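Spelled out from the first residue to the last, the chains are:
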Amino acid sequence: MKRLLSLLLVLIMLCSLLAACADNSTTDPDDDKEDKTTAPKDPTGAPSGKPTEPSVPTADPALTVGDYDVSGITMHYYYWDIITEFCNSFSSYGEYANTYMKLLAGLDAEKPLAQQFYNKDTGETWADHFIAETIESAHWSYALYADAVANDFKLTEEQQAELDAYIDTIDTYADYMGFDNAEAYLKAVYGETADMDSYLEYYTATYIAYAYAQHYRDSLKYTLQELQDYEAANYHKLYYNSYSYASYYVSTSACLKFLFGTKETYTEEERALAAESAQSCAEAVANQTTSLDSMDLAIRWLDLNKNNYLASATQEKYNLYANINNEAIRNWVSDSTRKPGDVTVLANEAGDSVDGYYVVLFENAYENREPLANVQHILLLAKTDSEKETALAKADEILAEFRRAPAQDSETFGALVEKYTEDPGSKETGGLYENICRNQTYVANFEDWALAGHKAGDTGVITTEYGIHIMFYKGDGELTYRQYMVDTDMRTKALEDWFDELMENAAKTEVNIGCLNRDLVIAPQD
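Scope of this entry: the structure provided in the associated data block. (Residues numbered from 1 in each chain as written. Predicted model: local features only at pLDDT ≥ 70, side-chain atom pairs only at ≥ 80, totals over all residues. Heavy atoms only, no water.)

### Focus on the overall build of the protein
Applied cut-off: Under the scheme used here, helices are H or I runs from DSSP no shorter than 4 residues and strands are E runs no shorter than 2 residues, and both carry numbers assigned from the N terminus. Burial classes: relative accessible area under 20% of the type maximum marks a residue as buried, over 50% as exposed, and values in between as partly exposed (1.4 Å probe, protein chains only). By the convention used here, residues are in contact when the closest approach between their heavy atoms is within 4.5 Å.
Secondary structure assignment for the protein yields 16 helices and 13 strands. Within the protein, the fraction of its 526 residues that count as buried is 46%. Counting contacts in the protein only where the partners sit at least 6 residues apart, residues at least 24 apart contribute 70% of the total.

If you want it as structure tokens, here you go:
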């Protein structure tokens, strides 16, 4: 249940991605280049295998959720898509995906699911595991869908367009793959009982469930006082603070091997000497550290690292208090007396022994009370120095055009975005990126400019790995970064409570789960 809740919370914040295969634009500008040799994305996201046994699910109910009957055919869609999600988590390994699936997860894609243990201690097989997830997925989808229908929830025009576009991509992909029609393609993916009507019913219900959850989340509104009260009542006063620091760990085990070589066992005297050596190494680094560069240099000068030219400190930027796992480091960096440039050595204690020592360089602390940033930009793609020089000259011309305009505002800049930008991910929104805060996925120079304390209407030109960006500061967001984090946590908690209530009110009953193929083999068979 907790996993499904987590998945739901992620997906509702990215609801539009449910139809992403119908709109494959990304923030990478190069993705906008057309490539006729590239196959369209499989809209189902299916792995290369398919059911190897004749499919047995029927239109008869396999599960009831409240007043809704979920057919065996629909349950099979859930089942196969749950397995697809799992398989896709190994897709980055390419042709070795099945090998790593077996190595990392313990599932052999070439053997039936029911013949492999997911949990040997409980006797749960991989078939048991996937079927349990299938039941839960159908349960929460139809619990949300039922409430959406009961409350006469309607998709927005944009959501309906996304849903329609997804349906169109099924036909497009089927044609590309040489199938007579979309239904023939669906049968190839899900088995002979699949048909277009039942699949669209399944997908539409699931999409509406996600959209309804997003709608509920968006409907939640909190005053600044409510945010402040919630933080005070539920969290440590430093919980939403962030810290920047660098650390380097000298382990006792590394010193053991360095001093005495690799052995099966070490004497107590050797372990004691290794512990002393680890502490001495850490203190030597600390004594020479005044900055990150000097810290890295001291690390490389250690005899311990004479054959490791890549040894360096680990830098943490804007790390939230709650995300600092090591208690000793968390307590030290969050001390109110800490000043930039402070250095310490902290023992990593394990019971009565010490496993090693951390050298920690403090850089800064942040209460995260600065406002979120809303910016617009025009991207001019440029990779080489020559291209950047040309793009910079063009950027100056575009800025001059903007400054000649009667109104130098967001709307005027947005018109120039539509005319000049080469960023497909933001062209239709006037180049707008909203609620920017630290530690997001923006490239460093872009994030730094956005959060540099600009005023509405400020402009600038920056260079990133993508090229030249003409920047326009639209204005501050409604919340500070700290308030935004509290608001997010409040919404998440409210959503979980609401979701739990819906699940309880829409009880599930298993009717014929045996229709799901427990002997499924994921890998394609000859």
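Having put the structure on the table, let's press on.
### Examining the packing of aromatic side chains
Operational definition: A pair of aromatic rings is counted whenever rings of Phe, Tyr or Trp (Trp by its six-membered ring) have centres within 6.5 Å, and the orientation is called stacked for planes under 30 degrees apart, edge-to-face for over 60 and tilted otherwise. Working rule: Lys NZ or Arg CZ, within 6 Å of ring centre, within 35 degrees of ring normal, means a charge sits over the ring.
Tallied over the entire structure, the rule returns 37 aromatic pairs. Considering the side-chain rings of tyrosine 216 and tryptophan 498, the 4.1 Å spacing of their centres and the 10° angle between planes classify their relative orientation as stacked. Highlighted residues: tyrosine 216 in helix α7 (residues 196-219) and tryptophan 498 in helix α16 (residues 481-505), separated in sequence by 282 residues. For tryptophan 498, a relative accessible area of 12% gives the class buried. Each residue in the set Tyr77, Tyr78, Tyr166, Tyr190, Tyr199, Tyr202, Tyr203 and Tyr207 is aromatic and connected to the rest through ring pairs, giving one cluster. Cation over ring: arginine 330 sits above tyrosine 321, and NZ or CZ is 5.7 Å from the ring centre.

### Here we look at a nonpolar patch on the surface
Selection rule: Residues qualify for a patch when their relative accessible area is over 30% and they have no salt bridge, like charges being joined within 9 Å and the nonpolar side chains of Val, Leu, Ile, Met, Phe, Trp and Tyr within 5 Å. Computed with the Shrake-Rupley method and a 1.4 Å probe, the accessible areas treat only the protein chains shown as cover for residues. The salt bridge definition used is simple: a Lys or Arg side-chain nitrogen within 4 Å of an Asp or Glu carboxyl oxygen.
Together, Tyr93, Tyr96, Tyr100, Leu103 and Leu104 give the surface a local cluster of nonpolar side chains, amounting to about 530 Å² of exposed area. Along the polypeptide, tyrosine 93 turns up in the loop between α2 (72-88) and α3 (97-105). Judged by its relative accessible area of 32%, tyrosine 93 falls in the partly exposed class.

### With respect to the sheet that holds strand β8 (residues 353-366)
In plain terms, the rule: The criterion for strand pairing is that DSSP finds at least two bridges linking the strands in question. For helices, the fitted line uses only the C-alpha atoms of the stretch in contact; every axis is such a line through C-alpha atoms, and the angle between N-to-C directions lies from 0 to 180 degrees.
Judged by pairing direction, the sheet is antiparallel, and its four strands sit side by side in the order β6-β5-β8-β7 without closing on themselves. Each edge of the sheet is formed by a strand with only one pairing partner; in this case those strands are β6 (314-320) and β7 (343-350). Taken pair by pair, the neighbouring strands of this sheet meet at an average axis angle of 35°, ignoring direction. Sheet analysis places β7 next to β8, joined by eight bridges and oriented antiparallel. Looking at β8, one finds that asparagine 348 is bridged to glycine 356. Most of the contacts of helix α11 (residues 292-300) go to strand β5 (residues 242-251), to which it runs at about 10°, and overall it touches β5, β6 and β8.

### A closer look at the side chain of threonine 74
Locating threonine 74 in the fold gives a position in helix α2. Every residue in contact with threonine 74, bar those within four places of it in the chain, is listed here: Tyr142 and Tyr202.

### Observations regarding the nonpolar core
We apply this condition: For our purposes a nonpolar core is just a set of buried Ala, Val, Leu, Ile, Met, Phe, Trp, Tyr and Cys residues, chained together by side-chain atoms within 4.5 Å.
Of all hydrophobic cores here, the largest spans 69 residues; its most connected members are Met75, Ile83, Leu113, Phe130, Leu144 and Tyr199. Here this core takes 13 residues from α7, the largest share from any one element. Of all hydrophobic cores here, the second largest spans 22 residues; its members include Ala246, Ala278, Ala311 and Ala313.

### Focus: a negative patch on the surface
The condition that has to hold: Positive charges come from Lys and Arg alone, negative charges from Asp and Glu alone, with His and the N- and C-terminal ends not counted. One atom stands in for each charge, and that atom is NZ of Lys, CZ of Arg, CG of Asp or CD of Glu.
Judged by side-chain charge, Asp164, Asp168, Asp171 and Asp175 come together as a negatively charged surface patch. Here aspartate 164 is to be found in helix α5 (residues 157-176).

### Describing the pairing of β5
By the criterion of burial, β5 is predominantly enclosed, with nine of the ten residues buried. In this sheet, β6 lies alongside β5 in antiparallel orientation, the contact comprising five bridges. Bridge pairing in β6 links serine 247 to threonine 314.

### Regarding helix α13 (residues 385-404)
Selection criterion: What a helix is expected to span follows from its residue count: subtract one and scale by 1.5 Å.
Taking 1.5 Å per residue as the helical rise, α13 with its 20 residues ought to reach 28 Å, and the 29 Å between its terminal C-alpha atoms agrees with that figure. The inward-facing, buried residues of α13 abut β9 (371-381), α14 (410-420), β11 (459-464) and β12 (467-480).

### So, α5
To be explicit about the condition: To obtain the arc, one takes the directions from the helix axis to the C-beta atoms.
If you check α5, its first and last C-alpha atoms are 28 Å apart, about what 20 residues at 1.5 Å a residue would give, namely 28 Å. For α5, every residue scored as buried is listed here: Gln159, Glu162, Leu163, Tyr166, Thr169, Ile170, Tyr173 and Ala174. Angular distribution of buried residues about the axis of α5 spans 130°; they occupy a single face of the element. Residues of α5 that are exposed and point more than 90 degrees away from the buried face comprise Glu157, Glu158 and Asp175. The inward-facing, buried residues of α5 contact α6 (182-190) and α7. The first or second residue beyond α5 is glycine 178, which carries a positive phi of 90°.

### Here's the deal with the pairing of β8
Two faces belong to every sheet, and in a regular strand the side chains alternate between them. Bridge count for β5 against β8 is ten bridges, and the pairing is antiparallel. Looking across to β8, one finds that alanine 246 is bridged to leucine 361.

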